[in-house]
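Descriptive analysis of the structure
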Amino acid sequence: MDKPLRVVIVGGGTSGWMTAAALTGTLKPNICRVRLIESDEIGIVGVGEATLPQMREYNEAIGIIEPEMMARTNGTFKLAIQFRDWGFKGSEYYHPFGKHGQPLGGIGFHHHWLRARQAGRAYDLEDFSYAVVASRRQKFEFPVSDLKAINSTYSYAYHFDASLYAKYLRGFSEQRGAVRTEGRVVDVTLDPLSGDVASVTMDSGEVITGDLFIDCSGFRALLIGKALNSPFESWNKWLPCDRAWAVPCDRSPDFTPYTRSTAREAGWQWRIPLQHRTGNGYVFSSGFIEEDKARETLMANLDGAAQQDPRLLRFEAGRRTASWTRNCVAIGLASGFLEPLESTSIYLVQAAVMALLRFFPRQKIDPVLVAEFNRRVDNEYDRIRDFLILHYHLNTRDDAEIWRYCRNMSVPDSLAEKIEMFRHRGHLPAYKDGLFSPASWLSVLHGQGLVPRGYERLADNLEFDDLVHRMDELHGKIDARVDAMPSHDAFIRDYCPSPEAVPLERAGAVA
Ligand SMILES: Cc1cc2nc3c(=O)[nH]c(=O)nc-3n(C[C@H](O)[C@H](O)[C@H](O)COP(=O)(O)OP(=O)(O)OC[C@H]3O[C@@H](n4cnc5c(N)ncnc54)[C@H](O)[C@@H]3O)c2cc1C
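Since this is a predicted model, take the numbers as computed values, not measurements.

In this section: the packing of helix H10 (residues 367-393) against helix H13 (residues 438-447). When two helices pack together, their arrangement is given by the angle between their axes and by how far apart the axes lie. In the contact formed by H10 and H13, the axes pass within 9 Å of each other and the chain directions differ by 20 degrees. By the angle class used here, H10 and H13 are roughly parallel. For the crossing formed where H10 meets H13, the hand is left-handed. Taken together, the residues of H13 that come into contact with H10 (itself represented by Asp386, Phe387, Leu390 and His391) are Ser440, Trp441, Val444 and Leu445. Residues that form the contact of H10 with H13 fall into these classes: five nonpolar, two polar and one charged.

Here it is as structure tokens:
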């Protein structure tokens, strides 16, 4: 029998505690022992407040109870991201968690929609997305599991207070045996023979040894970067945003079951409604706007009174070329960063944690498993990178330099091919695992204003009158079902009210 692996996690932000909760929630103490080091003095980033539906799988896998977690983190539901002014100023579209319509005759619904459009029937594609229609009307309820029903064609995620989520996971992990050490790591010692991490030294003088080290130290990347020198590949030329101002404001009556992203003159602004306040931030490129000007823009565009001074965060888009190096696995911001436009960072933490569980080592670390872990993590990062670039590249805005730069920049070949395939006849990329689904690509390609020249010939198999009839019927069904849903606010009050919630009737009263 192997001895339990001594796992040392450096960092107690979202990634540190998500890793600790997954290890202690799924592996027995005879497989691993978890010790987590964090420094209250340094603190955490804690502004990651929007998630993806995949997070529910993580929560379920480790046994988190949804309404309890939501109430404790002031959580709300998220059906989509709304993009304002992205394709051009005045434009608006949604990237919903769900499909547009249902496949007909074995091919994607959008091919039929394209055919109808070319024949002069200008249906709005978004009217066929259950999640978009519900978002527009600020409604929410859980999707049903009967795959034939139209209200099974969407999914949902959460908005929450990320600091409270980390706190919640801390309680969860400690109950399951994780041991927390408060203090600052001041030194990392490598084994002179193997080059592995042998120990970390605390400011108290304590030396902590382990078998496997998880670097969750955030942008500092204490182990993977500073000690092991794992190279960082920068993607700044494609994703030029490198700063964000973040500030919470009072809750407003506009209680959207979606994240709002509004394009601005040097980046974009997020808006995330919680039960007790609204989170806001301006993600911008310091190459295109001064920090002070960006701060002013954010403060002038809040829909409630600011609750504190805005906080500046600095970052660079890119990733480590080997997140797992020797006996150290970097998870979270230590492994890389992609701006929060599609709320992917917490998903990347989850993907890395789940891969770590699958490839969890014995005492001797197997390089084959390490290579497979790194391949998967790289794949996730690279695909998300392309999807993010798409939003910036496909724009027709001419009012600010950043938009001209992004439109004219050359993009990775992997993305250029996808754009061409869609332009040609509506073809969408499809992956077996990971982000993003064909439905997501459709939302953004279409939303940013790219209209395919053709559609799949199979769509012509359907009689046109029959097609029109089916589309009208589907439209009517979605319209009626969504009407019968409870409001987002009513659903939350019933399912997961937080003791700190500000009632919607009082929201915005002072502002
Ligand atoms: C502007 C912005 C907006 C974001 N929005 C979203 C979003 O909407 N959705 C999403 O999914 N993600 C978002 N993210 C990302 C998300 O915030 C992070 O992925 C998440 O918080 C994970 O951070 P982390 O735990 O890796 O690092 P951190 O939160 O920085 O935690 C690092 C930890 O390491 C500890 N530490 C560091 N140095 C030492 C030391 N020397 N000794 C001891 N401890 C140390 C710190 O105390 C802390 O506990 C956003 C990020 C930014 C910058």
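After that view of the structure, there is still more to cover.
An ideal rise of 1.5 Å per residue puts 20 Å on 14 residues; helix H9 (residues 345-358) measures up with 20 Å between its terminal C-alpha atoms. By the criterion of burial, H9 is predominantly enclosed, with eleven of the 14 residues buried. Among the structural elements, helix H1 (14-26), helix H2 (54-62), strand E11 (212-215), strand E19 (324-325), strand E20 (328-330) and H10 are those in contact with the buried residues of H9.

Bring the parts together and some accessible area is lost; that lost area is often taken as the interface size. Entries for the chain in the domain assignment read domain 1 (5-49 + 161-236 + 317-382) and domain 2 (81-155 + 243-314 + 412-511). If you average the C-alpha positions of domain 1 and of domain 2, the two centres end up 32 Å apart. Domain 1 puts 15 residues into the contact, and the matching count from domain 2 is 21 residues. Between domain 1 and domain 2, roughly 1400 Å² of surface is buried when both sides are summed, and carbon and sulfur atoms account for 62% of that area.

Position of Gln82 among the secondary structure elements: in strand E4 (residues 80-84). Gln82 sits in the buried class, given a relative accessible area of 1%. At a separation of 2.6 Å, a polar atom in the side chain of Gln82 contacts the side chain of Arg260. Those residues in contact with Gln82 that lie beyond four places of it in its chain are Glu92, Tyr93, Tyr94, Tyr258, Thr259, Arg260 and Ser261.

Right, let's get into unusual backbone geometry. In this model, Leu435 is joined to Phe436 through a cis peptide bond whose omega is -5 degrees. Position of Phe436 among the secondary structure elements: in the loop between helix H12 (413-425) and H13. Backbone geometry at Ala221 places phi at a positive 45 degrees, although glycine is not the residue there. Tracing the sequence through the fold places Ala221 in the loop between E11 and helix H7 (222-227).

Turning our eyes to something else, we now look at the packing of aromatic side chains. Applying the stated criterion across every chain yields a total of 31 aromatic pairs. Ring centres of Phe219 and Phe337 lie 5.5 Å apart, and the angle between their planes is 75 degrees; on these two criteria the pair is classed as edge-to-face. Of the two residues, Phe219 is situated in the loop between E11 and H7 and Phe337 in strand E21 (residues 336-337); the sequence distance between them amounts to 118 residues. For Phe337, a relative accessible area of 10% corresponds to the buried category. For Arg56, the ring lying beneath its charged end belongs to Tyr156, and the centroid distance is 3.8 Å. Sitting over the ring of Trp245, Arg295 keeps its end group 5.5 Å from the ring centre.

Below, the discussion takes up the site of the ligand. Around the ligand sit 32 residues, and of these Ser15, Val45, Ala50, Val185 and Ile346 come closest. Interatomic distance of 2.8 Å between a backbone N/O atom of Gly12 and an oxygen atom of the ligand. In the model, an oxygen atom of the ligand is placed 3.0 Å from a nitrogen or oxygen of the Ser39 main chain. In isolation the ligand has 1000 Å² of accessible area, and contact with the protein removes 97% of it. Among the elements of the structure, H1 and H9 are those that each provide at least two residues to the shell around the ligand.

This paragraph deals with the sheet that holds strand E15 (residues 267-273). With mixed pairing, seven strands are arranged side by side in an open sheet as E5-E4-E14-E15-E16-E13-E17. Every other strand in the sheet has two partners, leaving strand E5 (92-96) and strand E17 (311-314) as the edge strands with one partner each. Between one strand axis and the next, the sheet turns by 20 degrees as a mean value, whatever way the strands run.

The subject of this paragraph is the pattern of salt bridges. Close approach of charged atoms allows side chains with opposite charge to pair. Inspection of the entire model under this criterion finds 40 salt bridges. Residues Asp124 and Arg136 are paired through a salt bridge, measuring 3.3 Å at the closest nitrogen-oxygen approach. Within this pair, whereas Asp124 is found in the loop between helix H4 (109-118) and helix H5 (130-136), its partner Arg136 is found in helix H5, the two being separated by twelve residues in sequence. Here the residues in one salt-bridge network are Glu38, Asp40, Arg180 and Glu182, joined through shared partners.

What follows deals with the pairing of strand E9 (residues 197-202). On a regular strand, one side chain projects to one face of the sheet and the next to the other, so that they alternate. The buried fraction of E9 is high, at five of six residues. As paired elements, strand E8 (residues 185-190) and E9 share five bridges and run antiparallel to each other. Bridging across to E9, Asp187 finds its partner in Thr201. Taken together, the three bridges between E9 and strand E10 (residues 207-209) define a ladder with antiparallel strand orientation. For Ser199, the partnering residue across the bridge sits in E10 and is Thr209. Between the antiparallel neighbours E9 and E10 lie four residues, among them Gly205 with a positive phi of about 100 degrees.

How each quantity is defined
Residues numbered from 1 in each chain as written. Predicted model: local features only at pLDDT ≥ 70, side-chain atom pairs only at ≥ 80, totals over all residues. Heavy atoms only, no water. Axes fitted to C-alpha atoms, helices over the stretch in contact; angles between N-to-C directions. Helix = DSSP H or I, 4+ residues; strand = E, 2+ residues; numbered from the N terminus. Parallel < 35°, antiparallel > 145°, perpendicular 65-115°, else oblique. Left-handed = near helix turned anticlockwise from the far one by under 90°. Contact = heavy atoms within 4.5 Å. Nonpolar A, V, L, I, M, F, W, Y, C, P; charged D, E, K, R; others polar. Expected span 1.5 Å × (residues − 1). Buried < 20%, exposed > 50% of the residue type's maximum accessible area, 1.4 Å probe, protein only. Domains from an automatic or database assignment. Buried area = accessible area lost by both parts, 1.4 Å probe. Polar contact = N/O pair within 3.5 Å; in protein donor to acceptor, adjacent residues only side chain to side chain. Phe/Tyr/Trp six-rings, centres within 6.5 Å; stacked < 30°, edge-to-face > 60°. Lys NZ or Arg CZ within 6 Å of the ring centre and 35° of its normal. Near = heavy atom within 4 Å. Areas by Shrake-Rupley, 256 points an atom, 1.4 Å probe, with all protein chains shown as cover. Pairing = 2+ DSSP bridges. Salt bridge = Lys/Arg side-chain N within 4 Å of Asp/Glu carboxyl O.

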